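Observations on the three-dimensional arrangement
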Amino acid sequence: MALDGRFMFGYITVNKMELKLREYETYKGFYCGLCRTLKKEYGAAGQLTLSYDMTFLSILLSSLYEPESRIVSGRCLLHPGKKRMMIGHEYAAYAAHMGILLTWYHFRDDWIDERKPAAIVGLRAYRRAYLRARELYPEKAAHIKRCLARLDALEKAGSLDIDRVAGVFGDLLGDVFAVKEDIWRNTLYNVGFFLGKFIYLMDAWDDMADDEQNGSYNILLLRKKKLYRDTDSGRAHFEQDCHRLLTMMMAECTAHMELLPCIRDEAILRNILYDGVWNRYRKRHSEREPVAPENAERAKAAGT
């Protein structure tokens, strides 16, 4: 399965329409704060690794552990005309380091699998940053590497075991979420584990057409060809099955998230996991099956 930007899918976003203005400004503050932290830790190149995924992790860890926040106001190159709130804290630095590791292994994966010229450029550009992040978190780096090796082997073997394949990416993200060995480690791991499975399956669903055309591995495409007839009824049942699988993953993810005593910014966290993660699905689903005119405004309001 050709995963473009394996670790930066853009699925873990907010539904802006359902947030209060203050909450959305806070969300942007965490996003800009992570960007600022990346620049501080790794320079301008580090800012290019900024992702919604690691922004969510930054917010989650801030809400759970309630570290002292550093709120500043400043401008950036992309938005020079207006000062923006930037929220920093110790776990934003952790999210920044994890983002660097994931970016490095993304480039490494692309180079090994497809020999993409951009991948070797990325490997060279981020080598120093990667070595620093690996030195800070050697066990995290080693675990990411092991997971990707397992995932690559399963994909090359054409595995049909959907739980096993998606579970490898879940294991990868679960370990990233488990920031330290404490009472919350297992719960944080489970949040990341089921979120990782959701991301992997969502990406597979999102890329089915391209993967079928390119002959790339796609666990859902293999499942579709094996279990469903190529009829209107068969395609409808397959789509229902995909939605059920995705819903199950997020149900498990949110169930574990609710076990965490997250009070600060809980509205943002819930907006992302209960609603925002479905933004891309709703958009792509409406493209595949055009929304009826009477439902267009409702779909727009829901973030499609």
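About the thresholds
Position labels on residues start from 1 in each chain and follow its written sequence. Local features are withheld for residues below a pLDDT of 70 in this predicted model, meaning they are given only at 70 or higher, and side-chain atom pairs are given and counted only at 80 or more; totals for whole chains, interfaces and linings count all residues. Hydrogens are left out, water is left out, and the side-chain values use all remaining heavy atoms of the structure. Each helix is a run of DSSP H or I of at least 4 residues and each strand a run of E of at least 2, with the numbering of both proceeding from the N terminus. Based on C-alpha atoms, the radius of gyration is set beside the globule rule, defined as 2.2 Å times the residue count to the power 0.38. Working rule for contacts: check all heavy atoms of both residues, and any pair within 4.5 Å makes them a contact. Calculation of accessible area relied on Shrake-Rupley with a 1.4 Å probe; when residues are assessed, cover is drawn exclusively from the protein chains displayed. Throughout, exposure labels follow a simple rule: accessible area from a 1.4 Å probe, protein chains only, divided by the maximum for the residue type, with under 20% read as buried, over 50% as exposed, and the rest as partly exposed. By the criterion applied in these results, polar contacts are pairs of N or O atoms within 3.5 Å in which, for protein atoms, one can donate a hydrogen and the other can accept it, and in which residues neighboring in sequence qualify only through two side-chain atoms. Joining through side-chain atoms within 4.5 Å is the link that ties buried Ala, Val, Leu, Ile, Met, Phe, Trp, Tyr and Cys residues into a set, and such a set is a nonpolar core. Between Lys or Arg on one side and Asp or Glu on the other, a salt bridge is scored when a side-chain nitrogen of the former is within 4 Å of a carboxyl oxygen of the latter.

**Considering the overall build of the chain**
Each helix and strand counted, the chain has 14 helices and two strands in total. The C-alpha radius of gyration of the chain comes to 19 Å, within 12% of the 19 Å expected for a compact globule of 304 residues. Dimensions along the principal axes, computed over C-alpha positions, put the chain at roughly 55 × 45 × 40 Å. Of all intrachain contacts in the chain linking residues separated by at least 6 positions in sequence, the fraction that spans at least 24 positions is 70%. Carbon and sulfur atoms provide 53% of the accessible area of the chain, an area that totals close to 15200 Å².

**So, the side chain of T13**
Inspection of the secondary structure puts T13 in the segment before α1 (21–47). You can call T13 buried: its relative accessible area is 13%. Side chain to side chain, T13 and N279 meet in a polar contact 3.1 Å long. Leaving out residues up to four positions away in the same chain, T13 has contacts with Y27, Y52, I272, G276, V277 and N279.

**Digging into the nonpolar core**
Counting residues in each nonpolar core, the largest one holds 88 residues, and the members touching the most others are L60, L195 and L220. Top contributing element to this core by residue count: helix α8 (residues 185–206), with 13 residues. Apart from residues lying up to four places away in sequence, L195 is in contact with I12, F56, L173, F177, M250, C253 and L273.

**Observations regarding the pattern of salt bridges**
On inspection of all chains with the given rule, the structure shows 19 salt bridges. For D163, the salt bridge is made with K197, and the minimal N-O distance between the two is 2.5 Å. With a gap of 34 residues between them, D163 in helix α7 (residues 162–177) and K197 in helix α8 connect regions that are remote in the sequence. On the basis of relative accessible area, K197 is assigned to the buried category, the value being 5%. A salt bridge links R185 to E181; its shortest N-O distance comes to 3.0 Å. Given a relative accessible area of 69%, E181 falls into the exposed group. The network of salt bridges with common partners includes D206, R280, K283, R284 and E287.

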